Amino acid sequence: MNLSTKNSIALIVLILFDLIGIAQNPDIMADKNVESWSIAEFRYYPSKKFRFGIEQQLRFNENISVFDRTFTELNGRYSFWDNFNFGLAYRYMFLNDNSGLVQGIKNHYRWDYYLSYEIKVKKLKIENRIKYQHRKEIRDKSIRCICETRNYWRLKSEIDYKIKNWKYDPYLSAEIFLPTNKRENQLHNRYRLGLGTNIKIYKGQKILLKYLFEREIKSWNPEANSIFQIKYIYAIKKKKKKE
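About the thresholds
Residues numbered from 1 in each chain as written. Predicted model: local features only at pLDDT ≥ 70, side-chain atom pairs only at ≥ 80, totals over all residues. Heavy atoms only, no water. Helix = DSSP H or I, 4+ residues; strand = E, 2+ residues; numbered from the N terminus. Buried < 20%, exposed > 50% of the residue type's maximum accessible area, 1.4 Å probe, protein only. Contact = heavy atoms within 4.5 Å. Areas by Shrake-Rupley, 256 points an atom, 1.4 Å probe, with all protein chains shown as cover. Phe/Tyr/Trp six-rings, centres within 6.5 Å; stacked < 30°, edge-to-face > 60°. Lys NZ or Arg CZ within 6 Å of the ring centre and 35° of its normal. Pairing = 2+ DSSP bridges. Axes fitted to C-alpha atoms, helices over the stretch in contact; angles between N-to-C directions. Patch = residues over 30% accessible without salt bridge, like charges linked within 9 Å, V, L, I, M, F, W, Y side chains within 5 Å. Salt bridge = Lys/Arg side-chain N within 4 Å of Asp/Glu carboxyl O. Lys, Arg positive; Asp, Glu negative; His and termini not counted. Charge placed at Lys NZ, Arg CZ, Asp CG, Glu CD. Polar contact = N/O pair within 3.5 Å; in protein donor to acceptor, adjacent residues only side chain to side chain.

*Asks:* I'd like a rundown of the overall build of the protein, residues and numbers included.
*Replies:* Looking only at helices and strands, the protein features one helix and 11 strands. Mapped from its N terminus to its C terminus, the protein presents α and β elements in the order α-β-β-β-β-β-β-β-β-β-β-β. In the protein, which comprises 243 residues, the share counted as buried stands at 40%. In the protein, the proportion of contacts linking residues at least 24 apart, taken out of those at least 6 apart, comes to 50%. Summed over its atoms, the accessible surface of the protein is roughly 15,500 Å², and 58% of this surface lies on carbon and sulfur atoms.

Below is the structure:
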């Protein structure tokens, strides 16, 4: 195991212990919630370096009792220099705003881009990623108002481990969200921890099961969300022409 791999593992472990310590503090009165995310994605690989996908997602919140949002996402990824990936994504979203004076379904869009680096050591894979995302509410141009905008830098590390003769290979992730737009005062730094597995069900098809814990980093009444995610992926690779 090289020095870079050891440093990545040590960093993830330190982040996890630090964030778990914050999560266990009983004096900050967390606003707890449970969500469900159901996802279906189609992926196409025209070559080893390129991947394109379309995804549909449905989310419920307030202890999985209220519709939260649905969106369609188009995404692409380019792999280069063996271990690097560059990706882009665009989402068109329908969000359920059920608080405040003006409630109802609101339209938003979001785009993001990221750069990631993978380290593979025998049965262990570590991926470090930095992502920038921009989300904005879509309103009629005739309405003069400041539309809701959310911009974040996201720093994520994920560890995957292959277990011999075992279908349910585990993976562990840790992510930090850092808001950049000062106008949205309600945005706080947050972290997200994840534990999951991939289950291959047929050639080119698999199901991802994941539990996420997401929490704001602030001294009083932070949002704390437990998220149960299920994702179905169907992938097709371009067949090589026989010579």
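We are not done yet, so read on.
*Asks:* Give a description of the environment of I201 that names residues and reports values.
*Replies:* Within the fold, I201 resides in strand β9 (residues 190-202). When the C-alpha atoms of I201 and Y232 are compared, they prove to be 9.9 Å apart, with 31 residues separating the residues in sequence.

*Asks:* Please provide a residue-by-residue account of the packing of aromatic side chains, values included.
*Replies:* According to the stated counting rule, one finds 19 aromatic pairs in the structure shown. Seen in terms of ring centroids, W111 and Y132 are 5.9 Å apart; in terms of plane orientation they differ by 50°. Their pairing is tilted. Placement of the pair is W111 in strand β5 (residues 104-121) and Y132 in strand β6 (residues 124-137), with a sequence separation of 21 residues. Given the relative accessible area of 33%, W111 is considered partly exposed. Site record: aromatic cluster; members linked through ring pairs are F50, F52, Y78, F80, W81, F84 and Y117. Residue placement shows R59 over the ring face of W37; its charged tip is 3.7 Å from the ring centre. If you follow K237 out to its NZ or CZ, it ends over the ring of Y45, 5.9 Å from the centre.

*Asks:* Can you break down the sheet that holds β5 residue by residue, with the values?
*Replies:* In space, the 11 strands of this closed barrel follow the order β1-β2-β3-β4-β5-β6-β7-β8-β9-β10-β11, with mixed pairing throughout. Mean inter-strand twist for the sheet, computed between neighbouring axes without regard to direction, equals 20°.

*Asks:* Would you mind going over the pairing of β9 in detail, with residue names and values included?
*Replies:* Note on strand geometry: in a regular strand, side chains alternate between the two faces of the sheet. Direction of pairing for strand β8 (residues 170-179) relative to β9: antiparallel, over a ladder of eight bridges. Within β9, the position partnered with E175 by the bridge is R192. Note: β9 against strand β10 (residues 205-216), 12 bridges, orientation antiparallel. Each residue of the ladder has a partner; that of I199, found in β10, is I207.

*Asks:* Tell me about a positive patch on the surface, and name the residues and values.
*Replies:* A contiguous patch of positive charge, built from K48, K120, K162, K200, K237 and K240, is present on the exposed surface. Topologically, K237 is positioned in strand β11 (residues 223-237).

*Asks:* Give a detailed account of the side chain of T70, specifying residues and quantitative values.
*Replies:* Along the polypeptide, T70 turns up in strand β3 (residues 66-80). Exposure remark for T70: the relative accessible area of 19% places this residue in the buried category. A polar atom in the side chain of T70 sits 2.8 Å from the backbone oxygen of Q57. Those residues within four positions of T70 in sequence are excluded, and the remaining contacts are Q56, Q57, L58, Y92, M93 and F94.

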